[in-house]
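Topology and contacts: notes
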Amino acid sequence: YNLGDGNMGGMNLTPGVYTFGTDININSDITFDGGAILDININSDKVFILQTTGKLMQADSTKVLLSGGAQAKNIFWQVAGAVRVGSSAVMQGILLGK
């Protein structure tokens with residue numbers, strides 16, 4: 001449903017499925033929030049799925065951050081186009097490219 005028209009910088013995402021018919025652009029830090037109040041000793045199984053028919057472009061020096069028990073192993077990026085992770089950027093999750 002093209003959250004932010006594909007411009008995800010500054011967003012705080014909750015578990016769920018996010019579908020884009022546009023490119024996904026990360027121009028500033030984004031956060032995946034598992035919803036737990038405390039991060040200490042939490043094993044969250046919350047899943048995040050991001051699907052795009054376009055490209056995934058992450059700007060230089062930006063970060064994909066985890067909070068509330070969110071885990072990188074439960075974040076799935078399904079990308080039909082090219083993927084670019086910029087210099088010194090921190091990406092979290094599993095990238096599935098076409």
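Residues numbered from 1 in each chain as written. Predicted model: local features only at pLDDT ≥ 70, side-chain atom pairs only at ≥ 80, totals over all residues. Heavy atoms only, no water.

What the rule picks out here adds up to two salt bridges. Note that K55 and D23 form a salt bridge whose closest N and O atoms lie 3.9 Å from each other. Of the two residues, K55 sits in the loop between β5 (48–52) and β6 (56–58) while D23 sits in the loop between β2 (16–20) and β3 (24–26), which places them 32 residues apart along the sequence. Take K55: its relative accessible area is 35%, and that puts it in the partly exposed class. Measuring nitrogen to oxygen at the nearest pair gives 3.2 Å for the salt bridge that ties D60 to R84. (Salt bridge = Lys/Arg side-chain N within 4 Å of Asp/Glu carboxyl O. Helix = DSSP H or I, 4+ residues; strand = E, 2+ residues; numbered from the N terminus. Buried < 20%, exposed > 50% of the residue type's maximum accessible area, 1.4 Å probe, protein only.)

What follows concerns the sheet that holds strand β7 (residues 64–67). The strand order across the open sheet formed by three strands is β1-β4-β7, and the pairing between neighbours is parallel. Both edges of this open sheet fall to β1 (12–13) and β7, since each of them pairs with a single strand only. As paired strands, β1 and strand β4 (residues 30–33) are joined by two bridges and run parallel to one another. Following the sheet pairing, N12 is matched in β4 by T31. (Pairing = 2+ DSSP bridges.)

Let's shift gears to the sheet that holds strand β10 (residues 94–97). Think of a sheet as strands paired side by side through backbone hydrogen bonds, with each pair either parallel or antiparallel. Within the open sheet, the four strands sit side by side as β2-β5-β8-β10. Their pairing is parallel. Strand pairing shows two members of the sheet lacking a second neighbour, β2 and β10, which therefore form its edges. On average, each strand axis in the sheet is tilted by 15 degrees relative to the strand beside it, whichever way the strands run. Across four bridges, the pairing between strand β8 (residues 75–79) and β10 is parallel. Bridge pairing in β10 links F76 to I94. (Axes fitted to C-alpha atoms, helices over the stretch in contact; angles between N-to-C directions.)

Turning to unusual backbone geometry, a few remarks are in order. Only a minority of non-glycine residues have a phi that is not negative, and only a minority of peptide bonds are not trans. In the Ramachandran plot, S61 falls in the positive-phi region, its phi being about 65 degrees despite a non-glycine side chain. Residue position: S61 is located in the loop between β6 and β7. Judged by relative accessible area, which is 52%, S61 ranks as exposed.

Turning to the nonpolar core, a few remarks are in order. Among the nonpolar cores identified, the biggest contains 17 residues, and M8, F32, L50 and W77 are the most heavily contacted of them. Elements with a contribution of two residues or more to this core: β2, β3, β4, β5 and β8. Sequence-distant contacts of M8, that is, excluding residues within four places in its chain, are made with L13, F20, I24, N25, I30 and L50. (Core = buried A, V, L, I, M, F, W, Y, C linked by side-chain atoms within 4.5 Å. Contact = heavy atoms within 4.5 Å.)

All we've got here are geometric facts, nothing functional implied.
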